[in-house]
Amino acid sequence: MGLIGQNVIQIPRIGKRAPGFRALSTNGSIYFPGECSGKWVMLFSHPADFIPVSSSDLKIFIALINDFKELNFELIGLSVDGPGSHFKWLGAVEEHHEFKDIAYAGVNFHLIADTNMEISRQYGMIHPEEGPTKSKRTVYFIDPDATIRAMINYPLSSEPILDELKSVAIALQTIDNKQVPIHANRIPGDKVMSHADESHRTNRDSIEITDEELNTCDCFFCASSGR
């Protein structure tokens, strides 16, 4: 939480329940978390329609929509523009905008018209120093229990790296499914980390452990093989 003038910006914390909302989107009305029960959610915002970075951002999300659906992720986009602006922008992107040879296949995810900025404020997406009526670029990863698991913030002039978002999504699910920590630069199929037990963490004389399911394991670092 930070103070900017007389405004208080509240940013939901990791591990806390994601704020619920009802909203109008390009795919009709949406109720969160009720309509997303049992699914992971990626909630992302962009500053405004009809700007270059947001348009290329949209094209990449369209290209990766099936990848995220295979991961049981529901995509929900948001800006403070109205529904009329959203539909005109999507039409313009379909008709004119070409980016990295990505074919426009329609936006089959919710793009919320947050005209009163209620949702943007709930999620700490409005920062007056960057623009009092523009939502900054923020991505929230929310699990099927509606708990915030991760968040990434970007400046208005930079879009998310979509492969990075996909890697975070896979990492969070791997953590839950295998109950393991994830090491740096892991890609699917790599070994995962294993928790060394307390005796190995505290006994620095125990330099290496031998186990059929572990390798390269010392007092604090274990990489699990074959997972």
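Scroll up to find the structure.
All of the points below concern the structure found in this document. (Residues numbered from 1 in each chain as written. Predicted model: local features only at pLDDT ≥ 70, side-chain atom pairs only at ≥ 80, totals over all residues. Heavy atoms only, no water.)

Quick look at unusual backbone geometry now. With an omega of 10°, the peptide bond between Phe 32 and Pro 33 qualifies as cis. On the secondary structure map, Pro 33 appears in the loop between β4 (28-32) and β5 (40-45). The backbone phi angle of Asn 72 is positive, close to 65°, even though this residue is not glycine. The exposure class of Asn 72 is partly exposed, given its relative accessible area of 33%. Phi angles above zero are rare outside glycine, and Met 117 is one such case at about 60°. Mapped onto the fold, Met 117 is located in the loop between β7 (110-113) and α3 (118-122). (Helix = DSSP H or I, 4+ residues; strand = E, 2+ residues; numbered from the N terminus. Buried < 20%, exposed > 50% of the residue type's maximum accessible area, 1.4 Å probe, protein only.)

The terminal C-alpha atoms of helix α4 (residues 162-178) lie 24 Å apart, and with 17 residues this matches the ideal 24 Å at 1.5 Å per residue to within 8%. If you check which residues of α4 are buried, you get Leu 162, Leu 165, Ala 169, Ile 170, Ala 171, Leu 172, Gln 173 and Thr 174. Where α4 terminates, the next one or two residues include Gln 179, which has phi positive at roughly 55°. (Expected span 1.5 Å × (residues − 1).)

What follows is about the pairing of β4. For strand β3 (residues 21-25) and β4, the ladder comprises 5 bridges, and the chain directions are antiparallel. In the strand pairing of β4, Leu 24 is matched with Ser 29. Counting the residues in the hairpin turn of β3 and β4 gives 2 residues. (Pairing = 2+ DSSP bridges.)

Before going further, it helps to examine the nonpolar core. Met 42, Phe 61, Phe 141 and Leu 165 are the most contacted members of the largest nonpolar core, which totals 29 residues. Listing elements by their share of this core, those giving two or more residues are β5, α1 (52-70), β6 (73-79), α2 (83-96), β8 (137-142), β9 (148-154) and α4. Tallying contributions element by element places α1 first for this core, with 7 residues. Within the second largest apolar cluster, 17 residues are counted, among which are Ala 18, Ala 23, Ile 112 and Ile 148. (Core = buried A, V, L, I, M, F, W, Y, C linked by side-chain atoms within 4.5 Å.)

Right, let's talk about the environment of His 86 for a bit. Looking at the secondary structure, you find His 86 in helix α2. Considering only alpha carbons, one finds His 86 and Phe 50, 36 residues apart in sequence, at a separation of 9.0 Å. The contact partners of His 86, leaving out residues within four places of it in the chain, are Thr 26, Asp 49, Ser 79, Asp 81, Leu 111, Ile 112 and Ala 113. (Contact = heavy atoms within 4.5 Å.)

Moving on: the packing of aromatic side chains. What the rule picks out here adds up to 7 aromatic pairs. Residues Phe 21 and Phe 32 carry aromatic rings whose centres are separated by 5.2 Å and whose planes lie at 25° to one another, so their mutual orientation is stacked. Residue Phe 21 is located in strand β3, and its partner Phe 32 is located in strand β4; the two are separated by 11 residues in the primary sequence. You'll find Phe 21 and Phe 32 in the same group, each marked buried. Arranged with centres 6.4 Å apart and planes meeting at 65°, the rings of Phe 68 and Phe 73 form a pair that is edge-to-face. Each member of the pair, Phe 68 as well as Phe 73, carries the same accessibility label: buried. Ring-pair connections join several aromatic residues into one group, and the members of that group are Phe 21, Phe 32, Tyr 123 and Tyr 140. (Phe/Tyr/Trp six-rings, centres within 6.5 Å; stacked < 30°, edge-to-face > 60°.)

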